[in-house]
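# Per-entry structural report
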Amino acid sequence: MNYNLAVIKGDGIGPEVVSVAMDVLDKIGEKYGHTFHYDQILMGGCSIDACGVPLTDEAVSAAKKSDAVLLGSIGGNTSTSPWYQLPPDKRPEAGLLKIRKELGLFANLRPALLYPELKSACPLKEEIADRGFDMMIMRELTGGLYFGERGTSEENGMRCAYDTLTYTEEEIRRIAIRGFDIAMKRRKKVTSVDKANVLDSSRLWRAVVNEVAENYPEVTVEHMLVDNCAMQLVKDPAQFDVILTENMFGDILSDEASMVTGSIGMLASASLNETKFGMYEPSGGSAPDIAGQDKANPIATVLSAAMLLRFSLDLDVEADAIEKAIKQVLADGYRTCDIMSEGNTLVGTKEMGQLIMERI
Ligand code: NAD
C-alpha cells in the first residue's frame, strides 16, 4: 500500500529523531511491502525563521491532505532564543496550538510502559516496578475546564475569578468510543476516571461512558475517582490498561504516569480526530541542550511512528514489529545517554536507529 505522511521535523532534536523514525518506517515498508511518501512541512521556530510565522496556512493544508502527521518537537531555549522575544501568538508553540485546532484533534493518547530493562529508572518501590506496567492514558483535549467560560472581576476591593467545566454528551461519547476502540486492540479494560461524587459534568461523563460500554461487551469497564486514581498510579500501576478521562484530570494523570516510567526519551504520544487521522509525536520537548550532538534518544519518536501505523493506518503487525525490535535492542544492552546505566553499551541517536532497523 501507498501512504502519504506529513512530516514536521521541527526544532532542536526534532530533525535528528524524526530522521531516525523515517528510516525505520522505510525499513518497515521494505519488509511488509508499503511505500511511505513524506511531505515535509515547517512548524515552530524553523517556520518563524523561514516564513515569519510558526505555521503557514499552506502547511496546514498539506497536513490535512495527508493520512497522518509525524512530528518531532518544536521550540527553543525559552530564556535565550529570539523566538521568545515575539508576542505569544507568534512564538513556536502557537504553531502547535493552531495545528491541533485545525486538525480537530480531540483525543490525546499517552502510553506509559515500563520496560523490564529500564526498571532501575522507575522511581517506585522495587516490588511495584517488578510487576511492570503498560497503560494508555486517553485524555479529552478540546473541552472541559481549559475551554470553558472564565472571568476575573473585582467587587468592593475583593478580587474574584471563575472557570467553568462543561461537557456535552457528544464530546464525551466521541472520546469514549475512541477509548473503547483502543482497549479492543489492547487488554480490553477501560478505567474511566471522574469526580462523580462532586461534579455534574463527571456524572454525565460516567453515564455516557456506561452507554458506550454497552456496545463493547468484551471490554471490562470500571469507574474510579480521580483522587483515588492518582494514588493507584503509584501504588499499583499494573492494574491499568486504558485510562479514559477528561481534559484537566488527563493533563495531570498523564504527567504522573510518565514520571513513573522514569525516562522522557521513551514516551510516545498521539492526538486523534473523529476519523482515523492523527498527529504523532514524542512526549518530550525539543531538548535544545543536546540538539545536534547525536545524543537524543530517538525511541519515543520511533514508538510514535509505531502508534501512527497502529491507529491511523491499521497496520498492527508492522507496529508490533517496531515495538518488538525496540524491546530487543534494550534487552541487548544498548542505551542512549538519557537511559544509560552501568554494564550497558552507550550509543548515539543514529546508531540506536540502525540497531532498531537491524532487528526489524
Ligand atoms: P525538554 O523535554 O525538551 O527537555 C527536558 C530534559 O529532557 C532535557 O534535559 C533534555 O535534554 C531531556 N530530553 C528530552 N527529550 C529527550 C530525548 N529524546 N532524549 C534524551 N533526552 C531528552 O523540555 P524543556 O527543556 O522544558 O523544553 C525545551 C523546548 O521544548 C521549549 O521550547 C519547550 O517549549 C519545547 N517543548 C515542545 C514540546 C512539543 O513540541 N510538543 C513539548 C514540550 C516542550
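Up top you'll find the structure we're talking about.
Notes on the structure follow.

Cut-offs applied
Numbering of residues starts from 1 in every chain and runs along the sequence as written. Given that this is a predicted model, residues contribute local features only at a pLDDT of at least 70 and side-chain atom pairs are listed and counted only at 80 or more, while totals for whole chains, interfaces and linings are drawn from all residues. Processing note: side-chain calculations cover all non-hydrogen atoms of the structure and skip hydrogens and water entirely. Burial here depends on accessible area, computed with a 1.4 Å probe over protein chains only, as a share of the maximum for the residue type. Under 20% is buried, over 50% is exposed, and the range in between is partly exposed. Numbering of helices and strands starts at the N terminus; helices are DSSP runs of H or I of at least 4 residues and strands are runs of E of at least 2. A pair of strands is labelled paired if DSSP reports no fewer than 2 bridges between them. Axis lines are fitted to C-alpha atoms, over the contacting stretch for helices. Their N-to-C directions set the angle, which ranges from 0 to 180 degrees. An angle below 35 degrees is read as roughly parallel, one above 145 as roughly antiparallel, one from 65 to 115 as roughly perpendicular, and any other as oblique. By definition, any crossing whose near helix is turned counterclockwise from its far helix by less than a right angle is left-handed, and any crossing with a clockwise turn is right-handed. Note on definitions: a residue-residue contact is assigned when non-hydrogen atoms from the two residues lie within 4.5 Å. Here the nonpolar group is Ala, Val, Leu, Ile, Met, Phe, Trp, Tyr, Cys and Pro; Asp, Glu, Lys and Arg are the charged ones; every other residue, Gly included, is treated as polar.

Right, let's get into the pairing of strand E3 (residues 68–73). Of all 6 residues in E3, 6 are buried, a share of seventy percent or more. Relative to E3, strand E1 (residues 2–10) runs parallel, the two being bridged by 5 bridges. Residue pairing for E3: Val7 is matched across the bridge by Leu70. Summarising the sheet, E3 and strand E12 (residues 278–282) pair through 2 bridges and their orientation is parallel. By the bridge assignment, Val69 is partnered in E12 with Met279.

With that settled, consider the packing of helix H6 (residues 169–184) against helix H7 (residues 200–213). Here H6 crosses H7 at 45 degrees, and the two axes come no closer than 9 Å. Our classification of the angle between H6 and H7 gives oblique. Note on packing geometry: the crossing formed by H6 with H7 is right-handed. Contact residues: Glu169, Ile172, Arg173, Ile175, Ala176, Ile177 and Phe180 in H6; Leu204, Trp205, Val208, Val209, Glu211, Val212 and Ala213 in H7. Across the contact of H6 with H7, the residue classes break down as 11 nonpolar, no polar and 3 charged.

Now for the sheet that holds strand E2 (residues 35–40). With respect to topology, 10 strands assemble into an open sheet ordered E2-E1-E3-E12-E11-E4-E5-E10-E8-E9, the strand pairing being mixed. The open sheet has two edge strands with one neighbour each: E2 and strand E9 (220–225). Going across the sheet, the axis of each strand differs from the next one's by a mean of 25 degrees, ignoring polarity. With 4 bridges connecting them, strand E5 (residues 134–140) and strand E10 (residues 242–245) associate as parallel partners. Opposite Ile137, over in E10, you have Ile243 as the bridge partner. In this fold helix H1 (residues 14–32) packs onto E1, E2 and E3, with an angle of close to 165 degrees to the strand it touches most, E1. Strand contacts of helix H4 (residues 92–102): E1, E3 and E12, with the helix running at about 150 degrees to E12, the strand carrying the most contacts.

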